[in-house]
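Here's the letter readout for the chains.
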Amino acid sequence: MTLHKGASPSDRKHSGHPVNPFYGEADPVAGMETAPPRHTLPDGPLSPHTAYQFVHDELMLDGNSRLNLATFVTTWMEPQAGVLMADCRDKNMIDKDEYPRTAELEKRCVAMLADLWHAPDPATAVGCSTTGSSEACMLAGMALKRRWMQRNQDRYPGQARPNLIMGANVQVCWEKFCNFWEVEARMVPMEGDRFHLDAASAAALCDENTIGVVAILGSTFDGSYEPVAEICAALDEVHRQHGWDIPVHVDGASGAMIAPFLDPELVWDFRLPRVASINTSGHKYGLVYPGVGWALWRDTEALPEELVFRVNYLGGDMPTFALNFSRPGAQVAAQYYTFLRLGRAGFRAVQQATRDVARSMAERIGALGDFRLLTDGDQLPVFAFTTADHVTAFDVFDVSRRMKERGWLIPAYNFPENREDLSVLRVVCRNGFSLDLADLFLADLESLLPELRDQPGPMERPESVATAFHH
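Below you will find a few notes about this structure. (Residues numbered from 1 in each chain as written. Predicted model: local features only at pLDDT ≥ 70, side-chain atom pairs only at ≥ 80, totals over all residues. Heavy atoms only, no water.)

Burial runs high along strand S7 (residues 293–297): five of the five residues are buried. Burial along S7 is two-sided: Gly293, Ala295 and Trp297 facing one way and Trp294 and Leu296 facing the other are all buried. Pairing analysis gives five bridges linking strand S1 (residues 126–130) to S7, with the strands arranged antiparallel. The residue bridging Ser129 from the neighbouring strand is Trp294, located in S7. In the sheet, strand S6 (residues 275–281) pairs with S7 via five bridges, with the strands oriented antiparallel. Note that in S7 the partner of Ser281 across the bridge is Gly293. (Buried < 20%, exposed > 50% of the residue type's maximum accessible area, 1.4 Å probe, protein only. Helix = DSSP H or I, 4+ residues; strand = E, 2+ residues; numbered from the N terminus. Pairing = 2+ DSSP bridges.)

This is the structure we're talking about:
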């Protein structure tokens, strides 16, 4: 019987970190490479599988996107959509003359959205794809400001300073717009149990320098719709009394792809004459992987022509309205695929299933007795809840931290100024988050409650430490 000795100390010493010596190479030691530097370029190349394995192994430490209840962004698509996106990943969306069919798909998507959102004449509505709702909001804000400037050329620039009215619950992109484009942000604070913009507060802040009002169809704080029709009616009265003709932009980042299918009786879109523009995120409830948004204007009057650049590029006249130039065409192809794949009936079924999961989860969490619901998922498939008044042993940040130990990413955060006393948890349900996963989530939450109830008190730590989520 042959005896085998262990390796000597000198044999065990090496300066490399093997990825896997039996991975993909005929030579079993081909992967025995020195670890590449992390913050400088390596001196030479690695083999493809070695480079892949280093990156792949580090990415395993990310959270599981399917269990991320913080994000609105789509985390699952059909394999066929993935193939289409791979087919288009080398196509630059801006090269419309070079990739005319991709440009045609973008045009068709705009026409479909114009029809879905009841544009007076879908053929004359104008719009474009963007990298997401943040860019779409910036474009819509620019159009609002430019229209106001055109009406006030005798006063601007000069003593007039434009302002934009919105609720304190707006997504941070609107604050960025106001900062970048030198517009005064007039924020309506939350008050009591009112967590978003209301019509009377919006009208009260208007003056001759108001470029528009932003109404959110689906607040990220709690999933609630803002009363777009009531806001428009209040602005109609402002127009009658003062002569200020103030347009409305609907930030439908999420709700513009929910309400048309689940709440068809709700009037929020271009059926309201005061609504000048709408944006949505194709990569949220438009059911496409990250990287696509949409901005639409009811007609050419709502989008000043001077904002549209016409560039002779790569052999053709190319009208563009965007903040950036090059971007991939894959997400636009995926959006068109999703529109074709589902149609109205398919979108209705998918979004209804998602809302059903949200409402079921909210009802069951409310029944636990430890929590108080702020919303129940009956608008966006999103709900927010906080600890019940009698709960003193733990807070929402403790729940977020402990659920993260089980793999669930659930955000805990404070509401903005005027309701900073309110800390909540928020659950976003998306396509692919099934009732089965909801059952597992509830089982984990219930199993943690006895330990949380036995704590002497909440873990008093800064919010930035208690949760990685920032609104």
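Here the narrative resumes, following the displayed structure.
Let's shift gears to the pattern of salt bridges. Counted under the stated rule, the structure contains 23 salt bridges. The salt bridge involving Glu78 is made with Arg341; its shortest N-O contact spans 2.8 Å. A residue pair is termed long-range when its members are at least 10 positions apart, and Glu78 in the loop between helix H2 (48–59) and helix H3 (79–88) and Arg341 in helix H10 (residues 330–367) qualify at 263 residues. The salt bridge partner of Arg327 is Glu106, with a shortest N-O separation of 3.8 Å. Placement of Arg327 in the loop between strand S9 (316–320) and H10 and of Glu106 in helix H4 (residues 100–116) is noted, with a sequence separation of 221 residues between them. One continuous salt-bridge network, built from bridges that share partners, spans Asp398, Arg401, Arg402, Glu405 and Glu451. (Salt bridge = Lys/Arg side-chain N within 4 Å of Asp/Glu carboxyl O.)

All right, on to helix H6 (residues 172–180) then. Turning to H6, its buried residues are Cys173, Trp174, Phe177 and Cys178. Down the axis, H6 shows its buried residues gathered within 140 degrees of arc, on one side only. Opposite the packed face of H6, turned more than 90 degrees from it, sit the exposed residues Asn179 and Phe180. Against the buried residues of H6 lie helix H5 (133–151), strand S2 (163–167), strand S3 (184–188), strand S4 (210–216) and strand S5 (248–251). Capping of H6 at its N-terminal end is provided by Gln171; its side-chain oxygen lies 2.8 Å from the backbone amide nitrogen of Cys173. Two residues or fewer past H6, Glu182 is found with a positive phi of approximately 55 degrees. (Arc of directions from axis to C-beta. Contact = heavy atoms within 4.5 Å. Polar contact = N/O pair within 3.5 Å; in protein donor to acceptor, adjacent residues only side chain to side chain.)

This paragraph deals with the packing of helix H11 (residues 396–405) against helix H12 (residues 435–453). Following both chains from N to C, one finds H11 and H12 inclined at 120 degrees, their axes separated by 10 Å at the closest point. Classified by the interaxial angle, the pair formed by H11 and H12 is oblique. Between H11 and H12 the crossing geometry is right-handed. Here H11 contributes Asp398, Val399, Arg402 and Met403 to the contact with H12, which in turn contributes Phe441, Asp444, Leu445, Leu448, Glu451 and Leu452. (Axes fitted to C-alpha atoms, helices over the stretch in contact; angles between N-to-C directions. Parallel < 35°, antiparallel > 145°, perpendicular 65-115°, else oblique. Left-handed = near helix turned anticlockwise from the far one by under 90°.)

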